[in-house]
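Single-letter residue listing:
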Amino acid sequence: MPSAFNPALETVAVIDFETTGVSPAAGARATEIAAVLVHDGQVVGHYASLMQSGAWVPPFIEQLTGISNAILARAPPAARVMREVAAFVGERPLVAHNAAFDRSFWRAELQRAGRDAPHRFACTMLLARRLYPESANHRLGTLAALHRLPAAGRAHRALADAETTANLLLQMQRDVMLRFALTSAPHALLAKLQRAPRRDLAGCVANYAALAGEVTA
DNA sequence: TGCCAGGCCCTCTTTAGGGCCTT
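What you see is a predicted model; the values in this text were computed from it and never measured.

Chemist: It is not clear to me how the pattern of salt bridges should be interpreted in this structure. Could you clarify?
Modeler: Between side chains of opposite charge, pairing is possible as soon as their charged atoms come close. Enumeration over the complete set of coordinates arrives at 3 salt bridges. Two residues, arginine 29 and glutamate 109, come together in a salt bridge whose shortest N-O distance is 2.8 Å. Remark: glutamate 109 occurs in helix 4 (residues 99–112) and arginine 29 occurs in the loop between strand 1 (12–19) and strand 2 (30–39); sequence separation between them is 80 residues. Glutamate 109 carries the same exposure label as arginine 29, and that label is buried.

Okay, here's the thing in structure tokens:
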């Protein structure tokens, strides 16, 4: 039975950081990263690791994530972890929930590790605001509950949140296909939709479909 | 020891302000 997704759909990497704060520009550092590879409608691989940057973990963050200074003392160096995860994702497009946040740490930590960060990002939060305006809010946990996504483990840990985001991405692919009668919902289309005027998603899909006729039903 | 930001979007807007979302 043929897959409902385009076999040519590129693999994307869904990432999630745990950090000591909200801004690398203000001195916050990453404490954990996870990357989940998604291809043809399913998760096909993952990477996850704590990382030791030497940064101090505030009590609020320890309570939120369960990641303590004592745990990080035994973690591998941040630069080594970032080089490993960069090799794992390669040049694939990246996806994150509130991607502006993860993009800032991705760039900052890779720069510290001596690696370029040219990756394209897509944001499940921006897309969810357009696809699910009826949701009470667009936090990852709320959207996971709304769609009854599979439980992925403790929230606010990198791998669990990356897996939840990956499942949300797959849910949105299915919903876009259903809503707009498409046979596939490639990453490039979702990336366009996340920037589309909220009241003209159908117009954005039509324009995209006209340029890439293979996605239409 | 323990603070901190920024991109995006909406509207009471656009020469701005404030809320959301991430840790």
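Having seen it, we continue.
Chemist: Even after reading the chapter, I still don't get the side chain of threonine 31, so can you show me in this structure?
Modeler: You can see threonine 31 is positioned in strand 2. Discounting residues that sit within four places of it in the chain, threonine 31 has contacts with Glu18, Thr19, Thr20, Ser49, Leu50, Met51, Val57, Ile67 and Leu72.

Chemist: Can you walk me through the packing of helix 5 (residues 124–131) against helix 7 (residues 158–180) in this structure?
Modeler: Two measures define how a pair of helices packs: the angle their axes make with one another and the distance between the axes. One can describe the packing of helix 5 onto helix 7 by two numbers: an axis separation of 11 Å at closest approach and a directional angle of 35°. For the pair helix 5 and helix 7, the crossing hand works out as left-handed. Of the residues in helix 7, those in contact with Thr124, Leu127, Ala128, Arg130 and Leu131 of helix 5 are Thr165, Leu168, Leu169, Met172, Val176 and Arg179. Residues belonging to the contact of helix 5 with helix 7 are distributed by class as follows: 7 nonpolar, 2 polar and 2 charged.

Chemist: Even after reading the chapter, I still don't get the sheet that holds strand 1, so can you show me in this structure?
Modeler: Across a sheet, paired strands are connected by hydrogen bonds in the backbone, their directions being either parallel or antiparallel. Judged by pairing direction, the sheet is mixed, and its 5 strands sit side by side in the order 3-2-1-4-5 without closing on themselves. Because the sheet does not close on itself, it has two edges, and the strands there are strand 3 (42–50) and strand 5 (121–123). Here the average twist between neighbouring strands, direction ignored, is 25°. Pairing of strand 1 with strand 2, which is carried by 8 bridges, proceeds in the antiparallel orientation. When the bridges of strand 2 are listed, phenylalanine 17 appears paired with isoleucine 33. Relative to the sheet, helix 3 (residues 78–89) contacts strand 1, strand 2, strand 3 and strand 4 (94–96), its axis offset from that of strand 3 by approximately 170°. Sheet strands touched by helix 5: strand 4 and strand 5. Its angle to strand 5, the strand with the most contacts, is close to 40°.

About the cut-offs
Residues numbered from 1 in each chain as written. Chains lettered and ligands numbered in written order. Predicted model: local features only at pLDDT ≥ 70, side-chain atom pairs only at ≥ 80, totals over all residues. Heavy atoms only, no water. Salt bridge = Lys/Arg side-chain N within 4 Å of Asp/Glu carboxyl O. Helix = DSSP H or I, 4+ residues; strand = E, 2+ residues; numbered from the N terminus. Buried < 20%, exposed > 50% of the residue type's maximum accessible area, 1.4 Å probe, protein only. Contact = heavy atoms within 4.5 Å. Axes fitted to C-alpha atoms, helices over the stretch in contact; angles between N-to-C directions. Left-handed = near helix turned anticlockwise from the far one by under 90°. Nonpolar A, V, L, I, M, F, W, Y, C, P; charged D, E, K, R; others polar. Pairing = 2+ DSSP bridges.

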